[in-house]
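# Structural characterization, general
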Amino acid sequence: MGKEQQYVKDDEEDRDQDAIGGKKIIDRTFLSLSQITALSEQNVEGVQKKLEEFLNFKQLKTSLKEAILLDYYTAGFWWAKEMNFSLIQLSGFMDLLNFLLENLSDKNMTLGDNLKELGKAMAGIGETDSERSGDLNFFSIEQAKAIIDYLNISLFKHYKLYEYLFHSPREELVISNEDVIELAQPAVPPFPAQPEEGIPSDMYSSFIISPIAAETQSKGSDQESYLEEPCPEVESFEADAAAGVTAEDQKSAAGEIPNEIIGNLEAEINEKLQMQEAAYTLSKEKLKSPK
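Predicted model only: the values in this text are computed from it and were never measured.

### Quick look at the packing of aromatic side chains
Taken as a whole and assessed by the stated rule, the structure comprises ten aromatic pairs. Here F138 and F139 contribute two aromatic rings whose centre-to-centre distance is 4.9 Å and whose plane-to-plane angle is 55 degrees, an arrangement assigned as tilted. A relative accessible area of 15% means that F138 is categorised as buried. Chaining the aromatic ring pairs together yields one cluster made of W79, F85, F93, F138, F139 and Y150.

In structure tokens, the structure reads:
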């Protein structure tokens, strides 16, 4: 516990002092020891999810900056974990990653100035003299060399890109657009309702049709449904009338109706034949008579 307290960063110390002499260069703890412990128990996907939660990134799908920062910290932590760093070393390495990135983003340091700050932070590694030990004296010389190599390929080789990310204004691409659509007003007498051709029925009934027309349609549908519904009284009357007709009545009616119809047809046909015959005779006589 005493060793953990030894590496708690003091915000009141001067960052511009040289690391030699016991002054702290990295004066802020980026992640707590409990958060480092939680990250060390995860796989790479879990580390990314946890860092997203710890850093309170809410716009990863639309923010390029948040996506790049999450990738920067996730890759750094996973590299340190594969180097078998202890929890204290993992915490110190994440502090160093954040320290160098803040020098670029907040203080707009050049690459040369940031390399000088890295040298100050790593000064005293491998020294036994407590007065000459720096912020990262819990690393060995071999580990310090590996850290410098990693920072070279992860941050310093892409320094211009990170400068562009933090300090160059970018055009905001429009990924959505809002359109205002004016709907037709309901019919108000004496003005008629808008024509319903080419309009879906649900839109027409909801936004265009007048209240009077809607009420009329509603009454008409009620009347149609009323006419279609069977009436018990009518059905009872029809059943009683059918019960009063015997089989003999049906036979006699069937015999009388055809005879009457046939007789009328015969008389009509004979009359038409006589008229045609008279017309034919008249035309024949006209042909025979001299001109």
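Structure's up, so let's keep going.
### Observations regarding the confidence of the model for the chain
Looking at the chain, pLDDT values average 74 and 59% of them are 70 or higher. Overall, residues 1–22 carries pLDDT values under 50, and its contacts beyond four positions in sequence, including any with other chains, amount to 40 contacts.

### Things to note about the nonpolar core
Ranked by internal contacts, the top residues of the largest apolar core, which has 46 residues, are Y73, F93, M94, L96 and I147. Contributing elements (two or more residues each) for this core: helix 2 (33–40), helix 3 (44–54), helix 4 (64–82), helix 5 (87–105), helix 6 (111–122), helix 7 (141–154) and helix 8 (159–167). The element contributing the most residues to this core is helix 5, with nine residues. Filtering out sequence-adjacent residues up to four positions away, L96 remains in contact with I26, L118, A121, L136, I147 and L151.

### Regarding the side chain of N114
Mapped onto the fold, N114 is located in helix 6. With near-sequence residues (within four places) excluded, N114 lies in contact with L100, N103, L104, M109 and Y159.

### Here we look at helix 2
Residues I36, A38 and L39 constitute the buried set of helix 2. One side of helix 2 carries all its buried residues, which in axial view fall inside an arc of 160 degrees. Where helix 2 is buried, its residues meet helix 3, helix 4 and helix 5.

Here is what the cut-offs are and how they apply
- Residues numbered from 1 in each chain as written.
- Predicted model: local features only at pLDDT ≥ 70, side-chain atom pairs only at ≥ 80, totals over all residues.
- Heavy atoms only, no water.
- Phe/Tyr/Trp six-rings, centres within 6.5 Å; stacked < 30°, edge-to-face > 60°.
- Buried < 20%, exposed > 50% of the residue type's maximum accessible area, 1.4 Å probe, protein only.
- pLDDT = per-residue confidence, 0-100.
- Contact = heavy atoms within 4.5 Å.
- Core = buried A, V, L, I, M, F, W, Y, C linked by side-chain atoms within 4.5 Å.
- Helix = DSSP H or I, 4+ residues; strand = E, 2+ residues; numbered from the N terminus.
- Arc of directions from axis to C-beta.

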